Amino acid sequence: MTALSLFLILLLLLNLADANFFEASQAFLKSAFGGRKYAYLYVTISRCALITGMAIAALIAFRAGLINIGGEGQLVIGGFIAAFISIYSGVTGVAGITLAILSAMIGGGLWAVLAGLMKLKLGVPILVGTLLLNYPARYITSYFVSHPLRDVSSGMPQTHLLDKSLWLPFVEGTRLDIGFMFILIVYAFVLVYSYRTVPGYHAKMTGLSIEFAATSGINIFNTTLKTLAFSGAIAGLVGAIAVLGIHHRFTDGMLVQPLYAWTGIVAALLINLVPWAILPAGFFFASLTSGASGMERTADVPKEIAIIIQGIIILFVAARATSIASGSKKKEEGS
Amino acid sequence: MLADLFDPAFADSVARIAVPILLASLGGAICHRAGVFNIALEGFILMGAFAAVLGTFMLGHVFWGVLSAILAGVFMGLLFAEFHLRRPGDAIVVSIALNLIGLGLTTYLLRAVLGVSGVFQDEALGKIIEINIPLIESLPVLGSFLSGQSILFYISIFLVFILHYIYSRHKLGFWMRAAGENPLALKTVGIKPAPVKLLALVLCGICCGLAGAQLSISNVSLFVENMSAGRGWIAVVIVLVTNGRPIPLLGLVLLFGFVDSLSLRLQGFGFPQQFTEMMPYIASLIALIFVSIRRIKDLVGMRGYDNG
Amino acid sequence: MLAKLHDISVNFGEVRALDNVSLDISPNQIHAIVGENGAGKSTLMSVLFGLNVNYSGQIFIDEINKNWSTPSDAIKAGIGMVHQHFMLIESMTVLENIILGSEPNKYLGFLDFQFAKKKLYDLLRTYNFSINLNQTVGELSVGQRQMVEILKTLYRSAALIILDEPTAVLTPAERADLFNSLQDFKNAGKSIILITHKIDEVMANADHVSVMRSGQLISSLPINSTSRGQISDEIVGASKTKSISRKKIKPGPVKLHLSDLDVLGMPQIGNAFNLEVKANEIVGIAGVAGNGQAELVEAIIGLRSSKSGLIEICGTNVTEVDISTRRDAGLCYIPEDRQKRGLALDAQLSENASISLLASKAFAKGPFLRKTKIKNFTEDLIKKFDVKASSSSALANSLSGGNKQKLIIARELSLESDVIIAENPTWGVDLGAINQIHYELLSMRENGHAILLVSSDLDEILTLSDRVLVMFESELSHSFRTEKVTREELGELMLMKASEKKKRKRQISHEAI
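Residues numbered from 1 in each chain as written. Chains lettered and ligands numbered in written order. Predicted model: local features only at pLDDT ≥ 70, side-chain atom pairs only at ≥ 80, totals over all residues. Heavy atoms only, no water.

K.L.:
How do you make sense of the overall build of chain A when you look at a structure like this?
P.N.:
When you go through chain A residue by residue, the secondary structure sums to 13 helices and 0 strands. N-terminal to C-terminal, the α/β element order of chain A is α-α-α-α-α-α-α-α-α-α-α-α-α. For chain A, whose C-alpha radius of gyration is 20 Å, the value lies close to the compact-globule estimate of 20 Å for 335 residues. Across the 335 residues that make up chain A, the buried fraction comes to 61%. Long-range contacts, defined here as pairs at least 24 residues apart, represent 74% of the contacts in chain A between residues at least 6 apart. With an accessible surface of roughly 12,600 Å², chain A has 67% of that area assigned to carbon and sulfur atoms. Taking the average location of the 21 positive side-chain charges in chain A and that of its 14 negative ones, the two points are 9 Å from each other. (Helix = DSSP H or I, 4+ residues; strand = E, 2+ residues; numbered from the N terminus. Rg over C-alpha atoms; globule rule 2.2 N^0.38 Å. Buried < 20%, exposed > 50% of the residue type's maximum accessible area, 1.4 Å probe, protein only. Contact = heavy atoms within 4.5 Å. Areas by Shrake-Rupley, 256 points an atom, 1.4 Å probe, with all protein chains shown as cover. Lys, Arg positive; Asp, Glu negative; His and termini not counted. Charge placed at Lys NZ, Arg CZ, Asp CG, Glu CD.)

K.L.:
Looking at this structure, how should I read the pairing of strand β4 (residues 56–61) of chain C?
P.N.:
The two faces of a sheet get side chains in turn, since along a regular strand they alternate between them. All names here are of chain C. Note that strand β1 (residues 3–12) and β4 share 5 bridges and pair antiparallel. Opposite Leu5, over in β4, you have Ile59 as the bridge partner. For β4 and strand β5 (residues 64–66), the ladder comprises 3 bridges, and the chain directions are antiparallel. Across the sheet, the residue bridging to Ile61 is Ile64, located in β5. Between β4 and β5, which follow one another and run antiparallel, lie 2 residues, and Asp62 among them has a positive phi close to 45°. (Pairing = 2+ DSSP bridges.)

K.L.:
How do you make sense of the pairing of strand β10 (residues 191–196) of chain C when you look at a structure like this?
P.N.:
All names here are of chain C. Extensive coverage of β10 is indicated by the burial of 6 of its 6 residues. Alternating positions in β10 separate into two faces, Ser191, Ile193 and Ile195 on one and Ile192, Leu194 and Thr196 on the other, with burial throughout. Pairing analysis gives 6 bridges linking strand β3 (residues 29–34) to β10, with the strands arranged parallel. By the bridge assignment, Ile33 is partnered in β10 with Ile195. Where strand β9 (residues 160–164) and β10 come together, 5 bridges link them in parallel fashion. Bridge pairing in β10 links Leu160 to Ser191.

K.L.:
Help me out: how do you make sense of the interface of chain A and chain C in this one?
P.N.:
Reports of interface size often rely on the accessible area that becomes lost once the parts have come together. Taken residue by residue, the interface counts 21 residues in chain A and 26 residues in chain C. Each partner contributes to the roughly 2,000 Å² buried at the junction of chain A and chain C, and carbon and sulfur atoms together form 62% of this total. Remark: the boundary between chain A and chain C carries 2 salt bridges. For Glu211 of chain A, the salt bridge is made with Arg341 of chain C, and the minimal N-O distance between the two is 2.8 Å. Going through the elements one at a time, α7 (179–196), α8 (198–208) and α9 (210–215) of chain A are the ones with two or more residues in the side of chain A that touches chain C. Per-element tally for the side of chain A that touches chain C: the top contributor is α8 of chain A, with 7 residues. Of the residues that constitute the side of chain A that touches chain C, the class distribution is 11 nonpolar, 7 polar and 3 charged. (Buried area = accessible area lost by both parts, 1.4 Å probe. Salt bridge = Lys/Arg side-chain N within 4 Å of Asp/Glu carboxyl O. Nonpolar A, V, L, I, M, F, W, Y, C, P; charged D, E, K, R; others polar.)

K.L.:
What exactly am I supposed to notice about the confidence of the model for chain A here?
P.N.:
When pLDDT drops low, the exact placement of atoms in the prediction is not to be read closely. When pLDDT is averaged across chain A, the result is 90; 95% of the residues are at 70 or more. The model gives residues 325–335 of chain A a pLDDT under 50, and that stretch makes 26 contacts with residues more than four places away or in other chains. (pLDDT = per-residue confidence, 0-100.)

K.L.:
Can you walk me through the interface of chain A and chain B in this structure?
P.N.:
Each partner contributes residues to the interface: chain A has 67 residues there, and chain B has 51 residues. Roughly 5,200 Å² of surface becomes buried between chain A and chain B when both sides are summed, with 75% attributable to carbon and sulfur atoms. Seen at the junction of chain A and chain B, the total is 2 salt bridges. Residue Arg111 of chain B is joined to Glu304 of chain A by a salt bridge in which the shortest nitrogen-to-oxygen separation is 3.6 Å. On inspection of chain A and its partner chain B, the count reaches 6 residue pairs in polar contact (both at pLDDT 80 or more). Among the secondary structure elements, those contributing two or more residues to the side of chain A that touches chain B are α1 (2–16), α5 (93–122), α6 (126–146), α9, α10 (220–247), α11 (260–270) and α13 (305–318) of chain A. It is α6 of chain A that provides the largest number of residues to the side of chain A that touches chain B, a total of 13 residues. For the side of chain A that touches chain B, the residue count by class is 45 nonpolar, 13 polar and 9 charged. (Polar contact = N/O pair within 3.5 Å; in protein donor to acceptor, adjacent residues only side chain to side chain.)

Structural data, given as structure tokens:
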């Protein structure tokens, strides 16, 4: 039933764009998984790394009952810091890459912790606090790349290109940078964290029932801040991978427009916060986005069809009672 | 310098900035009071703004545009109801989905139906009727705030007071308050909470649809991708800060209109555009912190362990 | 009104909550329905009131077969219900709450407050009630809130009023007022259904009594053809409570010490707390719920802050430290609210069982969980405490109430903490489990633990405690040795009006001089 409604909506949308279904689906598949020498598949894998990274960031926080929907801000801060450090620290090569990535993670982590402190010290709900912090992140970085740090000659609001020694290398024989390997490592780490470690268990219990966790002696203050730092650091890492591996500079809006953070949240919700399933979910949405770009190129179907499909899928999954606020008291105000 | 800041054009811009946010916050407030945590206002407004342009362009008159905007908002409200009330979807999850659908669908249709990307502009797009009030229009500064605004300005102010009145004197207002505060209590006096919440969502859809119309066919005559640009989120914060009470809500919205206009003006004095654009969000955050601290103080003695 | 319930059955999943219950309710009577928690009283009433429509059987009102689809059908037929947990909107005024759902229409759905007020003033006069209609309900005392609930039913001209455990939260004076009003209603021709588990109230006020047990109606008799003993036998059933006896043990050193503890956010303004609990000793705190017991417990556990004073556990000052440090110092806690504080319902049993010990790193190697050890530990607990569960990986939500409570108690007692705080440990639990829980607490006492038992069940307090204190309006009485105090004396302390208590306190201090 769900699949049927989705299919009908899809046909309707394609019809509105005067596209042929078969032509469009061919373009979709080619652009998601094919291309000359699998060029498009590599793009999909790259994108999968970013989306899965953001999905993991969302998942970690959601599992602890922390509705961090400010992944976007943490991502932007991370990406910006990676570019800034790379260009201005003067450190090159592997040391430079390491420095850039670590700074990005710290930056992203602190941005999330800021929302945590606003909750714990001032009572601002995490949901609203993290969300509102997206905007300062967006505008402050926009200011820097439009004015003091701008590569004026490029004519765009963006930084200079990074030194080539800081670009993430390609996997041998492919056009795929090694960024996705960082995400695979994070994925493995998060699986162990969620299923096998004390902090992961504490976070889960806090998410399931905060009163129970507190009464049993789990330190909610620490758990909240640590979890948010972890979540934000992963978002920051994703920003660094995008800068060092794909764009090699920071351009205003480059991490916001593709909706990486929101797609990540959608992926985490789709699988009802089950950690192992986050990678397949990330790959699914990356293929969807890549395929949609292909449909736009060849069949003239606007690529935003991918966003609509994401929304619809989540609606139908949400209807199966995915709840991200079940643990924290179910007061609807979120206050 | 002050005279440069606060001239009639400034007063006019306060009103223009305030109306969409006021309408959207009223919609959000209706949901909030009825116990529906609707944070999809952003998506609601976008659909309204697009439908207003589409309706005006296709059917040739802004009246049809406004009507389309209302219908688009109601459609979003009904979607919300279907997945949150009839099926047991989490309000936050449903909101996230509807925000994506609002953004995706308007951008998609902009290209698929109107055939442009980015911005749609056409001479056929008019503006919602603006009303000049004799006598008042000649008042200094205040005249350009109170007179010469789109009819939606007057409707939204009227809605604030009618809503206030409904909450205190009308049975629907009673039911909506009860549905939000203690739905089981409402059920035990024989009134099902779900239809009451549905009503709130439909009303919210109407308000947000109008908010969108004000954006696209009153403040300007065009549609831009992602035109709501965070106004829905600001409305969410305003609802949380005022706890959905109409009169304080009006006050806060006007304050926001003021801050926003001021920061636009400051841009003219050489402040970078990014800082002026950031102002509304910083102001929201400050307002939120202000009330959150007060609420925290009410919980005497309890060591806070709610992290929602 | 003559109400007949005929062959009513209700199933919750696989549990048969009501089993072919038939009952007649006659006018001009107070009809008490008694039974333990979970006996099916509330379920039966939710059927009669239209809140539960998934039942089989028939309802007849004045010989007419009725089929409710919502409570409003029942309300229209003249049935009113005062719920145990009040169904009020706190931000609304008394008047607004009363008319909610039956609003007098002026025009276009706007309300005619004058009409409602006039009708209510008449009611207030008739039944001699005094309440300010314009006050916000959030500001009212519990007794006044109950009056609002009763007025809600009267305003809707109910001929049959159901009261679910109406006295649980009332002060003695309020209780007396309530029963006077019920007599007035009865004399005005209404039928009253009184749900309770207090036999005293039944004997003093009811005309007819029906006993329920495990979803079945055991008996339904006029009050003068039954007796106190018969009723209590019927409530408990064949498996009568084994009397549990406390061995005489000399108490050891002080394990829990409160001195001049001034807790933030107490419900009433009272004195600071002073209390000692020694090893090999159970100290009971009796009292009507809502008199500050919950807040005191929260302060000891560390969920609530204190203004001043000292909490010592095994000689360590823990006043300022967090919950886990207190637990490390030798504290465990059996909470009253097992759904919220005792368990994470959507987590596995093993996750629920290991949480307190994890804080002390018993199940962890570095940051890693020792899954096998946790599993074995959970299975041991399940076996030892006879928790009925499918496996250690089942969700906590799949357990019945009694088994949930057993799991919590098993977990907390397995910590072997010196100080045990037990808050209504047998609340809503079946008899077999009650006996087991009492037995376990007593054996902890014999093994040298210090137990603070907070309970609103006076029998439980008297069975288990060596010493008893009474909490009333956020003040603790001085402590009595259990053998040297009678039920009646304690009851009096629990129910005393504040003024009387002051008088008595003065007398005591005179005697002290």
